[in-house]
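Here are the chains, one letter per residue:
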Amino acid sequence: MKSRDTAPASNFIRSIIEADIKANRNDGKVVTRFPPEPNGYLHIGHAKSICLNFGLAAEYGGTCHLRFDDTNPIKEEVEYIESIKHDVSWLGFDWGRHLYYASDYFGQLYECARELIRRGRAFVCDLSGEEIREYRGTLTEPGKDSPYRNRTVEENLDLFRRMKEGEFEEGSRVLRARIDMASGNLNMRDPVIYRILKAYHHRTGDKWCIYPMYDFAHCLSDSIEGITHSICTLEFEDHRPLYDWILDALDAENHPQQIEFARLNLTYTVMSKRKLMQLVDGGYVSGWDDPRMPTVSGLRRRGYTPASIRNFCEKIGVAKRDSVVDIALLEHCVRDDLNRRAPRAMGVLRPLRVVIENYPVDRTEELDAVNNPEDASAGTRKIPFSRVIYIERDDFREAPPKKFFRLAPGREVRLRYAYFVKCTGVVKDENTGEIKELRCTYDPETRGGESPPDGRKVKATLHWVSAEHAARVEVRLYDRLFSEPVPDRGKGGPDFMSFINPDSLEVLPECYVEPGLADAEPGSICQFERLGYFCVDTRDSKPGAPVFNRTVTLRDTWARIEKSRKKGKK
RNA sequence: UGGGGUGUCGUCAAGUGGUAAGACACGGGUCUUUGGCACCCGCAUUCCGAGGUUCGAAUCCUCGCACCCCAGCCA
């Protein structure tokens, strides 16, 4: 079933674009780009940017480019390029023929740098890294001019050429823009625009030993590609004057408009590459695609759908204020989507054996079950019923508290699609007192779960599985990674790692599911009725032995009642 | 008096001088062979604060306050 995406909401970027179109700027065209650096995996914060850039382009009949910002060969690898492409297209976006690499422009960028030198707007500086930092001044004090600032154009051109030829050591010289060492904006204090890096580049090999810095490469790449709106995150706001300065200094034909928005933060998780890396390296998660990770690959493995993520990105909006979105919204979005598309099934996570005493020993019935009440076209299936079944341990209480509607001694409930059953006995372990088994009787007049002719009503419907026919599987229950809503809040406070939730993963090796699920395909999804949405793990499932990941629980009114009761007692 | 940003419900977020949208969360209810879904009701007399302009201010002005970003030859 197709799920509709949320209708676009008003935001400041759309307003800007609409005003531009109205004024016929850029001939009314809209060209955006998503410019990841291939040095790591994408997370849901990137998804926000992807949805924004590709979404805007689609909405206004424009195009969105996928451009790898690969100007630092030391940190970048091809492996990431493939994973990023996979994630972007998995999210549902198509860059068509517009796949680019900043490294494709190295030649043009080099010429731009030479032109800047010719115009007296750039110079080769021999200061060491440390000296450059000293000359830069501080936040409150102006910097001072480099002694190399007034070299002649000829000398600069020659030196820059020789930098390119590999005549100088790494770190011995850089090319700097000649702007203003007294600027309040540190980015304008003669920023480095080219550095010597004798490193092998994953695309250009050993062709270059000088590489452009982000500020130089990015604006020019945008300009070369005819980008109209260059959308980035807030921390680049201070770079906008430099972005504009470079394009102006070169009289660039196309001068894109940089627009900044606030990056995404989510409760109960962390989003920075560095922090996620700490979780991976420390072995707190199984990898970048661990289902608890906020990475696109983690969400995918967890069972999140592209539509649910797109929807989420639309719902959170786009603005400039720092914010932390409640992860409950993400969970809402995935439930909303999965409710429409996930086939229902029954699975018992913590099995409790139930013997139906008045049901014939060797009888088995095939009962009809609805595959998806939200989608009639999904049809029905047959499920086996027999004398011994499993139900959820949570669905029985020997001494039921108020508002507990489920099974209890002497009480009658419905087994979904099967029969009404009444609890007639509890079998316990003599020593431990642990409940080993329940004895029940069933009412043959309630076949299919229908109400009996006498009009008896029942307050609960339980899921169950026939012991003889069920498939035994492993189920993994995931919870939030951190116990604090904002684990990395504030400096000086406790380190975010101290808030790791020790119970974020619970493995249940002995669960029982409908026989039809024994061969469930990795990646397939389902709803275990009354429990939640699950997907078959793509990494650890084996043929005939699926491993189920819980994507998200169903909303659970009873659990909330119990929780608030516990709180009340405290 | 370094520069640049941002402050609207618990959390996101519209609003652009005409009298505070929506979503999530939360609380209550209807329905129910999922305590799911769906549906209904409630949830900011007030927009960081204080002044001012105006018939009228979240929107304009003034002065404060708080928070975020910037001193990589990272992006």
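Look above for the structure.
To start, this report covers the structure provided alongside it.

With that settled, the discussion passes to the overall build of chain A. In terms of helices and strands, chain A carries 13 helices and 25 strands. Taken over the C-alpha trace, chain A has a radius of gyration of 31 Å; the compact-globule value for 570 residues is 25 Å, which it surpasses by more than 25%. In terms of overall dimensions, chain A has a C-alpha envelope of 100 × 50 × 45 Å along the principal axes. For chain A, restricting intrachain contacts to residue pairs at least 6 apart in sequence, the fraction spanning at least 24 positions comes to 71%. For chain A, the computed accessible surface area is about 26600 Å², with 47% contributed by carbon and sulfur atoms. Positive and negative side-chain charges of chain A, numbering 88 and 90 respectively, have mean locations separated by a distance of 5 Å.

Lining the immediate surroundings of RNA strand B are 69 residues, of which Ser10, Asp238, Arg344, Arg406 and Gly448 lie closest. Sugar plus phosphate: this is where 65% of the atoms of RNA strand B within 4 Å of the protein reside. Asp69 has a polar side-chain atom sitting 3.3 Å from a sugar or linking oxygen of RNA strand B. In this structure, Arg195 approaches RNA strand B through a side-chain N or O atom, which is 2.8 Å from a phosphate oxygen. Classifying every residue of the surface near RNA strand B by side-chain character gives 23 nonpolar, 20 polar and 26 charged.

Looking now at the sheet that holds strand 7 (residues 210-212). Spatially, 4-5-6-7 is the arrangement adopted by the 4 strands of the open sheet, whose pairing is antiparallel. Of all the strands in the sheet, the pair left with one neighbour each is strand 4 (122-125) and strand 7. In this sheet, adjacent strand axes meet at a mean angle of 20° when their direction is disregarded. Examined bridge by bridge, strand 6 (residues 192-196) and strand 7 share 3 bridges and lie antiparallel to one another. If you follow Ile196 over to strand 7, its bridge partner there is Ile210.

With 13 residues, helix 6 (residues 153-165) extends 18 Å from end C-alpha to end C-alpha; this agrees with the ideal 18 Å at 1.5 Å per step. Looking only at helix 6, the buried set comprises Asn156, Leu157, Leu159, Phe160 and Met163.

The strands making up a sheet associate through hydrogen bonds between their backbones, and the pairing can be parallel or antiparallel. An order of 1-2-3 is seen for the 3 strands of this open sheet, with the pairing classed as parallel. Of all the strands in the sheet, just strand 1 (31-34) and strand 3 (99-101) have a single pairing partner and so form its edges. Strand after strand, the sheet turns through a mean of 35° between neighbouring axes, direction not considered. Here 3 bridges tie strand 2 (residues 63-68) to strand 3, and the two strands are oriented parallel to one another. Looking at strand 3, one finds that Arg67 is bridged to Tyr100. Lying on the sheet, helix 3 (residues 78-90) is in contact with strand 1, strand 2 and strand 3; it crosses strand 2 at an angle near 160°. Where helix 7 (residues 214-225) meets the sheet, it contacts strand 1, strand 2 and strand 3, and its direction lies at approximately 140° from that of strand 2.

Take the packing of aromatic side chains next. The geometry of an aromatic ring pair comes down to the distance between the two centres and the angle between the two planes. Overall, the coordinates contain 22 aromatic pairs when judged by the stated rule. Residues Tyr110 and Phe160 carry aromatic rings whose centres are separated by 5.0 Å and whose planes lie at 25° to one another, so their mutual orientation is stacked. You can see Tyr110 sitting in helix 4 (residues 106-118) and its partner Phe160 sitting in helix 6, a full 50 residues away along the chain. Classification of Tyr110 by relative accessible area gives buried; the value is 5%.

All told, the structure shown has 54 salt bridges when counted by the stated rule. With its nearest N and O atoms 2.5 Å apart, the salt bridge here joins Glu115 to Arg118. On the criterion of helical spacing, the pair formed by Glu115 and Arg118 is a turn pair, its members being 3 residues apart in helix 4. The closest approach of N and O atoms between Glu398 and Lys428, which form a salt bridge, is 2.9 Å. Residue Glu398 is found in the loop between strand 15 (388-392) and strand 16 (412-415), and its partner Lys428 is found in strand 17 (residues 420-428); the two are separated by 30 residues along the sequence. Among the residues examined, Glu398 registers a relative accessible area of 39% and is labelled partly exposed. Members of the salt-bridge network, linked through shared partners, are Asp289, Arg301, Glu474, Arg476, Asp537, Arg539 and Asp540.

Relative to the helices and strands, Asp290 is located in the loop between helix 9 (273-281) and helix 10 (296-302). Assessed through its relative accessible area of 2%, Asp290 is described here as buried. Taking the C-alpha atoms as reference points, Asp290 and Leu477, separated by 187 residues in sequence, lie 12 Å from one another. With sequence-adjacent residues up to four places away left out, Asp290 is seen in contact with Val285, Gly298 and Arg301. Side-chain polar atoms of Asp290 contact the backbone nitrogen of Arg292, separated by 2.8 Å.

What counts, and where the lines are drawn
Residues numbered from 1 in each chain as written. Chains lettered and ligands numbered in written order. Predicted model: local features only at pLDDT ≥ 70, side-chain atom pairs only at ≥ 80, totals over all residues. Heavy atoms only, no water. Helix = DSSP H or I, 4+ residues; strand = E, 2+ residues; numbered from the N terminus. Rg over C-alpha atoms; globule rule 2.2 N^0.38 Å. Contact = heavy atoms within 4.5 Å. Areas by Shrake-Rupley, 256 points an atom, 1.4 Å probe, with all protein chains shown as cover. Lys, Arg positive; Asp, Glu negative; His and termini not counted. Charge placed at Lys NZ, Arg CZ, Asp CG, Glu CD. Near = heavy atom within 4 Å. Polar contact = N/O pair within 3.5 Å; in protein donor to acceptor, adjacent residues only side chain to side chain. Nonpolar A, V, L, I, M, F, W, Y, C, P; charged D, E, K, R; others polar. Pairing = 2+ DSSP bridges. Axes fitted to C-alpha atoms, helices over the stretch in contact; angles between N-to-C directions. Expected span 1.5 Å × (residues − 1). Buried < 20%, exposed > 50% of the residue type's maximum accessible area, 1.4 Å probe, protein only. Phe/Tyr/Trp six-rings, centres within 6.5 Å; stacked < 30°, edge-to-face > 60°. Salt bridge = Lys/Arg side-chain N within 4 Å of Asp/Glu carboxyl O.

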